[in-house]
Amino acid sequence: MYYVVTFALIITMALALTRAILGPSVYDRVLAVNMLGTKTVLLLSVIAFLMGRPDFLDLALAYALINFIGVFAVLEFFRNRAAKQPEEKP
Amino acid sequence: MELFLDIASWILMSLGGVFVFIGGLGALRMPDLYTRMHAAGITDSIAPILIIPGLMLQAGLTLASVKLLAILVFLLLTGPTASNALASAALLAGNRSEQVKSTAVPESEE
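How each quantity is defined
- Residues numbered from 1 in each chain as written.
- Chains lettered and ligands numbered in written order.
- Predicted model: local features only at pLDDT ≥ 70, side-chain atom pairs only at ≥ 80, totals over all residues.
- Heavy atoms only, no water.
- Helix = DSSP H or I, 4+ residues; strand = E, 2+ residues; numbered from the N terminus.
- Rg over C-alpha atoms; globule rule 2.2 N^0.38 Å.
- Buried < 20%, exposed > 50% of the residue type's maximum accessible area, 1.4 Å probe, protein only.
- Contact = heavy atoms within 4.5 Å.
- Areas by Shrake-Rupley, 256 points an atom, 1.4 Å probe, with all protein chains shown as cover.
- Salt bridge = Lys/Arg side-chain N within 4 Å of Asp/Glu carboxyl O.
- Patch = residues over 30% accessible without salt bridge, like charges linked within 9 Å, V, L, I, M, F, W, Y side chains within 5 Å.
- Buried area = accessible area lost by both parts, 1.4 Å probe.
- Polar contact = N/O pair within 3.5 Å; in protein donor to acceptor, adjacent residues only side chain to side chain.
- Nonpolar A, V, L, I, M, F, W, Y, C, P; charged D, E, K, R; others polar.
- Expected span 1.5 Å × (residues − 1).
- Bend = angle between axes of the 7 residues up to and from the residue.
- Axes fitted to C-alpha atoms, helices over the stretch in contact; angles between N-to-C directions.
- Parallel < 35°, antiparallel > 145°, perpendicular 65-115°, else oblique.
- Left-handed = near helix turned anticlockwise from the far one by under 90°.

Trainee: How would you explain the overall build of chain A if you had to name every residue and give the values?
Mentor: Across its full length, chain A holds 3 helices and 0 strands. Scanning chain A from its N terminus toward the C terminus, one meets helices and strands in the order α-α-α. Taking 90 residues into account, the globule formula puts the C-alpha radius of gyration at 12 Å, and chain A, at 16 Å, lies well above it. The principal-axis extent of the C-alpha atoms belonging to chain A is close to 50 × 25 × 10 Å. In chain A, which comprises 90 residues, the proportion classed as buried is 46%. Considering only intrachain contacts with a sequence separation of at least 6, the fraction spanning at least 24 residues in chain A is 54%. Accessible surface, chain A: about 4700 Å² in total, of which carbon and sulfur atoms supply 75%.

Rendered as structure tokens:
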């Protein structure tokens, strides 16, 4: 019953990966990483039910928290770098 | 009753899967960063709204449903926030997109 969602999520993660590789600007890559993170959360939740292991839900919640903070950390890093050399094209 | 729950959650989760795929495809094919962000925002918002209630129907009234609700609330709170931070960071760094250069965003560096 969960195969449709699992398959769709895995395909979306593959698409996000190709966007990360192709992404011209660095912000496309941050966007792709953010998408990958949230899809991992959803995939973990679905696999928790697929495998019948309810403790995966805690992993999914923890991963959602960390992914959110990670995106902000990366953005902060790029903001400082952009501020140091404003003329550097991203 | 059990069959009804299974069918309902299957429909919800398949719809969520369809929307996730549409969002992922949009993020790949959109011409510009900000339109890609819109497509990625679809996978951040509509997909958890459909997939996680589908799972909650399966879990019934247990602790797992409470955890799923926590995940849903957290994803819905952080998704738009992260997208907003990303968009403002990209805009501040001078990531002017070609289409909107003439109309929306004034050329003067604020």
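Next, the rest of the story.
Trainee: Describe the pattern of salt bridges, listing the residues and the values that go with them.
Mentor: Residue and element names in this part refer to chain A. Inspection of every chain in the model, using the stated rule, returns 4 salt bridges over all chains. Aspartate 55 is paired through a salt bridge with arginine 53; the nearest N and O atoms lie 3.4 Å apart. Among the residues examined, arginine 53 registers a relative accessible area of 42% and is labelled partly exposed.

Trainee: Could you give an account of a nonpolar patch on the surface, with specific residues and numbers?
Mentor: A contiguous nonpolar patch, built from Met1 and Val4 of chain A together with Leu3, Ile7, Trp10, Ile11 and Leu15 of chain B and spanning about 620 Å² of accessible area, is present on the exposed surface. With 5 residues, the top contributor of residues to the nonpolar patch is helix H1 (residues 2–29) of chain B. In this structure isoleucine 7 of chain B comes out as partly exposed when scored by relative accessible area, which is 44%.

Trainee: A description of the interface of chain A and chain B should follow, citing residues and the corresponding values.
Mentor: Where interface size is quoted, it is often the accessible area lost as the parts come together. Counting from both sides, the interface comprises 41 residues of chain A and, opposite them, 42 residues of chain B. Of the roughly 3600 Å² buried between chain A and chain B, counting both surfaces, carbon and sulfur atoms make up 80%. At the junction of chain A with chain B, the criterion picks out 3 salt bridges. Measuring nitrogen to oxygen at the nearest pair gives 3.0 Å for the salt bridge that ties lysine 67 of chain B to aspartate 58 of chain A. At the surface where chain A touches chain B, the tally comes to 6 residue pairs in polar contact (both at pLDDT 80 or more). Every element with two or more residues in the side of chain A that touches chain B is listed here: helix H1 (3–22), helix H2 (26–50) and helix H3 (56–84) of chain A. Ranked by residue count, the leading element in the side of chain A that touches chain B is H2 of chain A, at 13 residues. Looking at side-chain class alone, the side of chain A that touches chain B contains 30 nonpolar, 6 polar and 5 charged residues.

Trainee: How would you explain helix H2 (residues 33–59) of chain B if you had to name every residue and give the values?
Mentor: Residue and element names in this part refer to chain B. The first and last C-alpha atoms of H2 sit 38 Å apart over 27 residues, in line with the 39 Å expected at 1.5 Å per residue. Of all the bends in H2, the greatest, near 40°, is centred on alanine 47, and the proline proline 48 appears no more than four residues after it. Positive phi appears at glycine 60, one or two residues downstream of H2, with a value of about 70°.

Trainee: Tell me about the packing of H1 of chain A against H1 of chain B, residues and numbers included.
Mentor: Two elements in contact, H1 of chain A and H1 of chain B, have axes whose closest approach is 8 Å; the angle formed by their N-to-C orientations is 10°. When the axis of H1 of chain A is compared with that of H1 of chain B, the two are roughly parallel. The element H1 of chain A and its partner H1 of chain B pack so that their crossing is left-handed. Packed against H1 of chain A, whose contacting residues are Val4, Val5, Ala8, Leu9, Ile11, Thr12, Leu15, Thr18, Arg19 and Leu22 of chain A, the element H1 of chain B presents Trp10, Met13, Ser14, Gly17, Val20, Phe21, Gly24, Leu25, Ala27 and Leu28 of chain B at the interface. Looking at the contact of H1 of chain A with H1 of chain B residue by residue, the class counts come to 14 nonpolar, 5 polar and 1 charged.

Trainee: Explain H2 of chain A residue by residue, including any values.
Mentor: Residues and elements named next belong to chain A. Compared with the 36 Å implied by 1.5 Å per residue over 25 residues, the 35 Å span of H2 between its first and last C-alpha is a close match. Most of H2 is tucked away, with 20 of its 25 residues classed as buried. The positive-phi residue at the C-terminal boundary of H2 is glycine 52, with phi of around 70°.

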